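Structural overview
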Amino acid sequence: MISDHIEKKKNDKLYLEYLLEIDGHKLFCYNNRRDCQEFIEKYIIPTLPSEVKLIFLDGRSPKSDYSQRFASTVLYKIENQVGFPYLLKVQNGTVLEKSVNNELYNSLNQGHDIQVLFNVMNKFYQEEHDTQIP
């Protein structure tokens, strides 16, 4: 048990160091749910700013330019697990998060204007948030 605690502390420290190293990164995380993966890849991803990195959760396996360990950890640590897709950004050693699940499904299933989804995404990625290093 003590070794597990030490290992967790070590991993937490490495994770924080990596977050500080990639400060300012913006991420878009989505999964392979059949009814929305194609929609996301066809209509949303092409509109994302070039600096936004993708994390695709294929089953339980995250695919991205990041290490699988980092991608898994960042997804595991999402606090407000409402549903994919998630907008994330790294700021001052903290990962800020926002689910756009509701906006996506309103566009897909309710016929709502997709511009509402784009507006939420743009606001999140452009907005500065007050955070402090934990």
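Just so you know, these numbers come straight off a predicted model, no measurement behind them. (Residues numbered from 1 in each chain as written. Predicted model: local features only at pLDDT ≥ 70, side-chain atom pairs only at ≥ 80, totals over all residues. Heavy atoms only, no water.)

1. As for the packing of aromatic side chains
Using the following cut-off: We call Phe, Tyr and Trp rings a pair once their centres come within 6.5 Å, taking the six-membered ring for Trp, and we label the pair stacked below 30 degrees between planes, edge-to-face above 60, and tilted otherwise.
Taken as a whole and assessed by the stated rule, the structure comprises eight aromatic pairs. Ring geometry for Phe84 against Tyr86: centres 5.1 Å apart, planes inclined by 75°, an arrangement best described as edge-to-face.

2. Side note on the pattern of salt bridges
Definition in use: By salt bridge we mean one thing: a side-chain nitrogen of Lys or Arg within 4 Å of a carboxyl oxygen of Asp or Glu. Secondary structure elements follow DSSP: runs of H or I of four or more residues count as helices, runs of E of two or more count as strands, with numbering from the N terminus.
Enumeration according to the criterion identifies five salt bridges in this entry. In this structure, Lys77 and Asp12 form a salt bridge, with 4.0 Å as the shortest nitrogen-oxygen distance. One end of the pair, Lys77, is in the loop between helix H3 (68-76) and strand S4 (86-91); the other, Asp12, is in helix H1 (residues 2-21), and 65 residues separate them in sequence. Through salt bridges with shared partners, a single network forms among Lys8, Asp12 and Lys77.

3. Overview of the packing of H1 against H3
Operational definition: Axes here refer to lines fitted to C-alpha atoms; in helices the fit is confined to the stretch in contact. Angles between the N-to-C directions go from 0 to 180 degrees. For classification purposes, an angle smaller than 35 degrees is called roughly parallel, one larger than 145 roughly antiparallel, one from 65 to 115 roughly perpendicular, and anything else oblique. Every residue pair with non-hydrogen atoms within 4.5 Å of one another is taken to be in contact. Just so you know the grouping, Ala, Val, Leu, Ile, Met, Phe, Trp, Tyr, Cys and Pro go in nonpolar, Asp, Glu, Lys and Arg go in charged, and all remaining residues, Gly too, go in polar.
Taken N-terminus to C-terminus, the directions of H1 and H3 make an angle of 95°; their axes are 11 Å apart at the nearest point. With respect to H3, the axis of H1 lies roughly perpendicular. Note on element contacts: H3 touches H1 through Arg69, Phe70, Thr73 and Val74, opposite Asn11, Tyr15, Tyr18 and Leu19. When grouped by side-chain class, the residues that make up the contact of H1 with H3 number five nonpolar, two polar and one charged.

4. Notes on the packing of helix H4 (residues 101-110) against helix H5 (residues 114-126)
Keep this limit in mind: Here is the rule for handedness: rotate from the far helix to the near one, and if that takes an anticlockwise turn smaller than a right angle the crossing is left-handed, while a clockwise turn gives right-handed.
Across the interface, H4 lies against H5 with an axial gap of 8 Å and an inter-helix angle of 165°. One element, H4, and the other, H5, form an angle in the roughly antiparallel class. When you trace H4 past H5, the crossing you get is left-handed. Facing H4, whose interface residues are Glu103, Leu104 and Ser107, H5 presents Ile114, Leu117 and Val120.

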